[in-house]
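Tertiary structure, described
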Amino acid sequence: MMMLLAQHEAPAHAAVTAVAKAVAMPDLRWAGWILLLPAISVVLTGLCAALRVKNKLPGWITVLALAGSFALVLKLYFLRGEAGDPVTIHLWDWMNFRWGDQSKWHSLQADVSIYLDGLTLFWMLFVTGLGTLIALYATEYMEADVGKGYARFFNGVSIFILAMCTLVLADNLLLLYLGWEGVGLASYLLIGYFYKKPSAVAAGKKAFIVNRVGDLGLAVGIWLIWVNYGSIEYSTLFQVWNDTARGVGGFDRALIPFCLMLGAFGKSAQLPLYVWLPDAMEGPTPVSALIHAATMVTAGVYLIARMYPLFALHPDALATVAWVGGLTAIFSATIGMAQYDFKRVFAYSTISQLGYMFMGLGVGTTFGAAYHTLTHAFFKALLFLTAGAVMHGFAGQLDLRKLSGLRRVPGFAIVSWTMLIGCLWLSAFPFTAGMLSKDLILVQAIGGTDHGFFWLGWIGLITAALTAYYSFRVWFRVCAGPVFYMPGDEGHDDHDNHDDHHHGAHDKHASHEFHPHAPRLAINGVLILIMLGAFATGIPGYMALQGHENWAQVMIAHSSAVAGSVEAHVHDAVCFGMNPHKLVEVFGTIAALGGIGVAMYFHLLQRRAADRLRAWLLAHNSVRWIPVAMENKWYVDEIYHALFRGPAWITGHILHFTDKHVVDGLLVNGFGRIPAAFGRLFQPLYNGVLQGYATTMAGGAALVIAWIVYRWISGGAT
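Predicted, not measured: the structure shown is a model, and the values here were computed from it. (Residues numbered from 1 in each chain as written. Predicted model: local features only at pLDDT ≥ 70, side-chain atom pairs only at ≥ 80, totals over all residues. Heavy atoms only, no water.)

**A closer look at the sheet that holds strand E1 (residues 23-24)**
Across the sheet, which stays open at both edges, the 3 strands sit in the order E1-E2-E3 with mixed pairing between neighbours. Since the sheet does not close on itself, it has two edges, and those belong to E1 and strand E3 (107-116), each with one partner. (Pairing = 2+ DSSP bridges. Helix = DSSP H or I, 4+ residues; strand = E, 2+ residues; numbered from the N terminus.)

This is how it looks when you write it as structure tokens:
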């Protein structure tokens, strides 16, 4: 393994850190169909929803459109290869404003154009490839909703893929921002797909609001880039940033990386903006696999990799990225260890693994971060889809205490064994693709000499042990051991809380009458294909082991992330007489095998020992807070409620009271009522009766006479 990691230190492009100048390539305009096909799918699935189509047509439209985009990306990849200078492909004009003398700060140009380099192709391959497979999986998973929300679901998926492709293919920051907001919109629509469930509605709003905080940072960052550099087009900006002398001097320039960072942390669920992702599991499971594990949440990683030349200019920006990523990784891992809903365990593991990716970017290995994004996309999609298959078959059951031995339940062997592959990859089991990509990051961290990166590497190793434990806690509980299961309360995710397809509602006390619904061809076939994809993601590392060129590393080296595509020299001994490669090899293996071993003891061999341990911890006040806090997610949601939601709620009600009773009630309506009150006071005098008018006249005359008399007496007195 040490040899394998060392192979990544290819010296061929080690000295090249400047981004090559992009050239226009109008011959590749056909690549615009990568965007047009999902756009056509959006229109057609929208029509299906409007016409209430009651078959699987929307699903197949989406699958064909995404497969077409994937085929075009493959064609681009084989035309361009792993290497080659970046090119731009102009599709059509979009924004072109000029004013004043039309100098640098008197114009804004943002066209719908493609910026094509190694990073673009790298991301697009798994976005469109996995998107196609997950859409195919969803054609079976969502079939209970045919004629109800089926077309709406695939319309949301099509919007998401269109937005994600826009984000990755954009040649300027404004187009990237359009895609950025588009994936946020699609995420909101799909999380709240079961809109009759209050928890799904709340989760959708939570994701929308938290992401707006990050999006504000990104918007400010883009504006500051335009103000300071006069352009938002990558090809221009990269040439400016190649000149390190221009740096990021000045407060506003220094602020730019941190604004972009805020956007990245929000979209990729990092501290302190991670809280929306676990709740996003309220959406259908294909959504969790596609958006909240494999693609959308990697947008933040992509943003920093794309803007890497800018981040490299600031002395502390990348260190901040690294530490936020490392702390997020271990923090979310501790929560994942204590959850009983295994879909949420995978959600927290996603946050943790994204932390590794940010750590990789921060410590200087963009290749390690990108490679871990690739491997994670496959094995995490696999884990979420297996979780969905279990939900699909057991009426929404996700409590790992109520499922056991599924590998021996008829029809669930493929689900169980593919979940095992996902758990092995997530645990960084020796020689898996998950180990290859994670170790690249840990070696770079432990070999680092600045900003305490050495300790960050140890945090990563401890997190690896926790990850192995909670991954196999799930697998040993759900798929191994004696056969036992209790159905859930719902017909999988059905928003009407009933589902004929799943044999109706199920009573927990009638589990002996329950017959699990085994997945069919589409679900099992996709699980096998993604499992093979998870194996294939190890090919770049295995090729390096054989002395061949690592194509993934070459792709990153021919992109804006070139500066971190080759690892620094880390062969000197740093601890226990071992260099970083050997240290990570030894302790990484111990972490993976140790975590799996502990999980095997407590959750397969001696399950009652886990209950006794928990009871012992709860019985001792000195340690009781540990399991309680972990199960309650360290009370972060409660803290946020106290600090933000509660004050905002109170402030909102105070402002509502002030508006209703002071502004409207007193100032506006109150003063408006004064003339009406005077009118009502004298209203009896004008009642339309002749005697009344006579009385009024007499009264008026009496008042006038009384006034005259008064003035006469007063004058006489003086």
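**Observations regarding the layout of surface pockets**
Considering only enclosed or pocket space, the largest pocket measures out at about 620 Å³ in volume. For the largest pocket, the lining is made up of 18 residues, of which Lys 206, Ile 209, Val 210, His 641 and Arg 645 are closest to its centre. Where the lining of the largest pocket is concerned, the elements lending two or more residues are helix H7 (198-229) and helix H26 (636-682). In terms of residues, the lining of the largest pocket owes the most to one element, H7, which gives 8 residues. (1 Å grid on protein atoms, 1.4 Å probe; cavity = no way out; pocket = protein on both sides within 12 Å on 5 of 7 lines; lining within 4 Å. Points joined across faces, edges and corners; volume = space filled by probe spheres on them.)

**Looking at the environment of Val 146**
Here Val 146 lies in the loop between helix H4 (118-141) and helix H5 (150-169). A relative accessible area of 24% means that Val 146 is categorised as partly exposed. Between the C-alpha atoms of Val 146 and Ile 225, which are 79 residues apart in sequence, the distance is 47 Å. In this structure Val 146 touches Lys 54, Asn 55 and Lys 56, once residues within four positions along its chain are discounted. (Buried < 20%, exposed > 50% of the residue type's maximum accessible area, 1.4 Å probe, protein only. Contact = heavy atoms within 4.5 Å.)

**A few points about the pattern of salt bridges**
A full pass over the atoms with the stated rule returns 13 salt bridges. Notably, a salt bridge pairs Asp 279 with Lys 206, separated by 2.7 Å at the nearest N-O pair. With a gap of 73 residues between them, Asp 279 in helix H10 (residues 276-279) and Lys 206 in helix H7 connect regions that are remote in the sequence. Overall, the relative accessible area of 17% leaves Asp 279 in the buried class. Across the salt bridge formed by Asp 279 and Arg 344, the nearest N and O atoms sit 3.3 Å from each other. Residue Asp 279 is found in helix H10, and its partner Arg 344 is found in helix H15 (residues 342-363); the two are separated by 65 residues along the sequence. The class of Arg 344 is buried, set by a relative accessible area of 18%. Taken together, the salt bridges that share partners define one network made up of Lys 206, Asp 279, Arg 344, Lys 633 and Asp 637. (Salt bridge = Lys/Arg side-chain N within 4 Å of Asp/Glu carboxyl O.)

Worth remembering: the numbers are spatial, not functional.
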